[in-house]
Amino acid sequence: MHPVRKQRLWLVLFLVVFSSSAIGLMAYALRGNINLFYPPVEVAAGLAPVGQNIRVGGMVVEGSVQRSDSSLEVRFEVTDYEAVVPVVYTGILPDLFDEGQGAVAAGKLDENGVLQASEVLAKHDENYMPPEVAEALEASKSRMAEQSGEQGYGQ
Amino acid sequence: MIPELGHFALILALCLSVLLCTIPLWGSWQRNVTAMALAPNLAIGVLVFTTLSFACLTWAFLQDDFSVEVVANNSNSLLPWYYKFSAVWGNHEGSLLLWALILALWTCAVAVFSPQLPLVMLSRVLAVMGFVGVGFLAFSLFTSNPFARLLPGIPADGQDLNPLLQDFGLIIHPPLLYMGYVGFSVAFAFAIAALLGGRLDAAWARWSRPWTNVAWAFLTLGIMLGSWWAYYELGWGGWWFWDPVENASFMPWLAGTALVHSLAATEKRGLFKSWTVLLAIFAFSLSLLGTFLVRSGVLTSVHAFATDPARGMFILVFLGIVTGGSLVLYALRAPAVASRVSFTWISRESLLLVNNVVFLVATLTVLFGTLFPLLMDALGQGKYSVGPPYFNAVFIPLMALLVPFMGVGPLSRWKRDSVRRWQAELLVPGLVTLACALTLPLLHTGDYNLWVALAVLFAGWLVVGLLRDLANRVRNSASLGAGLRRLTPSYWGMVIAHVGFAATIIGVVLTSQYTIEHDLKMSPGESDTLAGYEFRFIDVGAVQGPNFVADEARFVVYRDGREVVRLAPQKRRYLASGSVMTEASIDAGLFRDLFVAMGEPVGVDGAWAIRLHYKPFVRWMWAGALLMALGGFMTVADKRYRRQRTVAREGLREGGVRGAQA
């Protein structure tokens, strides 16, 4: 074979082997390390898997935040105004976390339907709402509007 | 009146940009020298009016003109003047104006500092940059006008700058980052100009290389500052989160690193020509993509600020035009510029190829991880997020693959080299490094850490490769000093940048492995010990700042009974917005940082949630990045990039004109 062609062949082979191993690595890394967002209504309906990494987001229910006296454990509830999901988190909450504000918690759901959060997402801006939360609230609002509309029609 | 003047200047800048991207291009096509010679003047014109516009906006901020919407939303009369100044780019509209200003600066710099460039080439380069300028000035004017007024109903005071942005790091972080982002537009413009002309040679690489290195160095500094800011300002002591917004700046850096190295091969050996052009297009497209990701708010990010999706659409379309257009041009013209040079497998060319492949794959894996959630969402598959474990799992092996080759790189010869020579040069230093790597982790009290041993091995390997090469180069000189002086700035730049990379490896791995973090509940009078440092919580006091009130916790840190340092983290409440902010207190050191931050009050007895960190070698990471940037800047000082300017101007201008007329 012509030496230049041979070199090119080796180059192509190298690229193919290297990129497929990179893609394999990516797929492997991706499998264990992505997590899906669930609105509270789906968690309450049992659609969210137990024991897997997921994210749940909504508004923090007013008056639901309880801190432990002896440790850094915090309990609170998030809601999309249709359903409520209790969350337990141990650690320091982000500065902008507050009752009546949007929040996203990442962690695993236990058998009792409580989210054992390993991370509570901070937002950096007063006006900013995590897009998933905004969408989940929007969806629940339109569902509720539909329901009340139907009720009105029935009466 | 002043804001209207700024608005008007911005419109004029847009008009001049339109002229800049049309007339010289038409001139270079028609071989019209007058039209081409207009390009530098138009570039200066764009800079003058963009600067005027930027100055007007700055004036509005400094004078507290709350009738201007962005000022009312992002400033406050209580804000210290330097934060009023940085608030100009602490918001969407202003930061876009800064983008446009920096682009105008780069364009003008190319116009002024490229006397050796043939006029045809210069006019094409400036025209391409003018086109990018049109895109961003139009974006600024039509979707996010910084001079929009709030009339009637001028607010009495502004809503204040986001407290997180009230910080020294954030005064200089965005301008440096943008210098890097936008700087790649120069490499991009050179690549497009070469494709348009169908001429791509070593001279082309020599012109475009210094610009690329400087842009890359700025981007390195910008990313470093961002990481440093996140570390001390976000209050949880992390320095890299693989957050989409961080990735947005990291991807152009990775592609830019590949570009810097492939340009070296193109300049020295006339190799990888079409590949280099593709990388230049890729690096700038990623800069635009980064702007899109940050400015559109399509991604959930711990960094995300309130944004407007309509604006994202504009950048996305612009990105499509720029990337699509240049790739079409590439497909049409690349065969004409392909290189016909051969090299053997054991050579510096191959090692640079490895660098390029690794950095490109790294870019693509980061790109994939960043866009995966968007892709799944668009396909209706649910809202995923890709966490740091993914990025670590793919990125760390890639870098580990890179380092063995990188150590040999400086020693290797162009065209043909031999493994036996490499063995002769590096076997002994390699064994010494291995011995160091095996023993040094023993210095740390606690378990033997294999990752640390690996990091020391890698960093040591890079350093001994460089030292060996330095020794080879100096060996034949009369004296050590004479030998060292004879080395070129671009060689020193490479050495410094590679040493910086080694320092970064040490910093990243040792910090990740040896950090001790305690989050705990503490009352005044209590103490906690990390790595031999006793943190004693003394009391909490109230502090009054210029535009905030704060609770301040006072800590005294002891080691072996001796006082080391007093730390005073704060929990601030900003008066205008009412938002709460954590201000960490850090004792920085070459070998360790001590970090204290306050959480929230817990319980009834005056206790607080407190975060205590012991972070060894964390400074090495940023010091390494600084060295990399320094190396990038140094290469530009090389003599071959600035031949006698006056002579070159006479000779080559004429040559360019003659060439154009021919």
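Residues numbered from 1 in each chain as written. Chains lettered and ligands numbered in written order. Predicted model: local features only at pLDDT ≥ 70, side-chain atom pairs only at ≥ 80, totals over all residues.

**Let's talk about the overall build of chain B**
In step 1: Each helix and strand counted, chain B has 19 helices and eleven strands in total.
In step 2: Against the compact-globule benchmark of 26 Å for 662 residues, chain B has a radius of gyration of 27 Å, which places it among compact chains.
In step 3: For chain B, the C-alpha atoms occupy an extent of roughly 85 × 75 × 55 Å along the three principal directions.
In step 4: Expressed as a percentage of the 662 residues in chain B, the buried residues total 52%.
In step 5: Long-range pairs, those at least 24 residues apart, make up 74% of the contacts in chain B between residues at least 6 apart in sequence. (Helix = DSSP H or I, 4+ residues; strand = E, 2+ residues; numbered from the N terminus. Rg over C-alpha atoms; globule rule 2.2 N^0.38 Å. Buried ≥ 20, exposed ≤ 12 C-beta atoms within 10 Å, placed from the backbone. Contact = placed C-beta atoms within 7 Å.)

**Focus: the overall build of chain A**
In step 1: In terms of helices and strands, chain A carries three helices and seven strands.
In step 2: Walking chain A from its N terminus toward its C terminus, one meets helices and strands in the order α-β-α-β-β-β-β-β-β-α.
In step 3: For chain A, restricting intrachain contacts to residue pairs at least 6 apart in sequence, the fraction spanning at least 24 positions comes to 53%.

**Section: the confidence of the model for chain B**
Regions with low pLDDT carry predicted coordinates that are not meant to be interpreted in detail.
Residues and elements named next belong to chain B.
In step 1: Summary statistics for chain B give a mean pLDDT of 87 and a share of 94% for residues scoring 70 or more.
In step 2: Averaged pLDDT values for the elements of chain B fall to 41 in helix 19 (residues 645–661) and rise to 95 in helix 18 (residues 618–635).
In step 3: For residues 644–662, every residue scores under 50 in pLDDT, and the model assigns this stretch 22 contacts once sequence neighbours within four places are set aside.
In step 4: Two numbers describe this predicted complex: its pTM, 0.90, and its ipTM, 0.79. (pLDDT = per-residue confidence, 0-100.)

**Quick look at the sheet that holds strand 9 (residues 585–587) of chain B**
Residues and elements named next belong to chain B.
In step 1: A sheet is described by the order of its strands in space; here four strands give the open sequence 2-11-10-9, paired in antiparallel fashion. Taken across any chain shown, the strands that pair with only one partner, and hence form the sheet edges, are strand 2 (516–522) and strand 9. Each adjacent strand pair in this sheet contributes to an overall mean axis angle of 15°, direction not counted. (Pairing = 2+ DSSP bridges. Axes fitted to C-alpha atoms, helices over the stretch in contact; angles between N-to-C directions.)

**Some words on the environment of D587(B)**
Residue and element names in this part refer to chain B.
In step 1: With respect to the helices and strands, D587 occurs in strand 9.
In step 2: Expressed as a C-alpha distance, the spacing of D587 and L329, which sit 258 residues apart in the sequence, is 54 Å.
In step 3: D587 has contacts with V565, L567, D593 and L594, leaving out every residue within four places of it along the chain.

**Re the pairing of strand 5 (residues 548–559) of chain B**
All names here are of chain B.
In step 1: As paired elements, strand 4 (residues 533–544) and strand 5 share eleven bridges and run antiparallel to each other. Following the sheet pairing, D539 is matched in strand 5 by R554.
In step 2: Connecting strand 4 to the antiparallel partner strand 5 that follows it, the hairpin turn spans three residues.
In step 3: Here strand 5 pairs with strand 7 (residues 570–574) via five bridges, running antiparallel. Considered in strand 7, the bridge of E552 is made with Q570.

**Quick notes on unusual backbone geometry**
Residue and element names in this part refer to chain B.
In step 1: In this model, K415 sits at a positive phi of 70°, which is unusual for a non-glycine residue.
In step 2: Structurally, K415 is set in the loop between helix 13 (388–408) and helix 14 (419–439).
In step 3: Even without being a glycine, D560 presents a positive backbone phi close to 55°.
In step 4: Note on placement: D560 falls in the loop between strand 5 and strand 6 (562–567).
In step 5: Taking the number of C-beta atoms within 10 Å as the measure of exposure, D560 has 8 and is therefore exposed.

**Thoughts on the packing of helix 1 (residues 2–30) of chain B against helix 2 (residues 33–62) of chain B**
Residue and element names in this part refer to chain B.
In step 1: In contact at an axis separation of 8 Å, helix 1 and helix 2 are set at 160° when each is read in the N-to-C sense. The angle between helix 1 and helix 2 places the two elements in the roughly antiparallel class. The crossing of helix 1 and helix 2 is left-handed.
In step 2: Here the contact of helix 1 with helix 2 is built from residues that sort into 26 nonpolar, seven polar and no charged. (Parallel < 35°, antiparallel > 145°, perpendicular 65-115°, else oblique. Left-handed = near helix turned anticlockwise from the far one by under 90°. Nonpolar A, V, L, I, M, F, W, Y, C, P; charged D, E, K, R; others polar.)

**Description of the domain arrangement of chain B**
Put simply, an interface is often sized by how much accessible area is lost when its parts join up.
Residues and elements named next belong to chain B.
In step 1: Domains assigned within chain B are domain 1 (1–166) and domain 2 (516–619).
In step 2: If you average the C-alpha positions of domain 1 and of domain 2, the two centres end up 42 Å apart.
In step 3: Between domain 1 and domain 2, the residue contacts involve nine residues of the former and nine residues of the latter.
In step 4: Residues of the side of domain 1 that touches domain 2, tallied by class, amount to five nonpolar, two polar and two charged. (Domains from an automatic or database assignment.)

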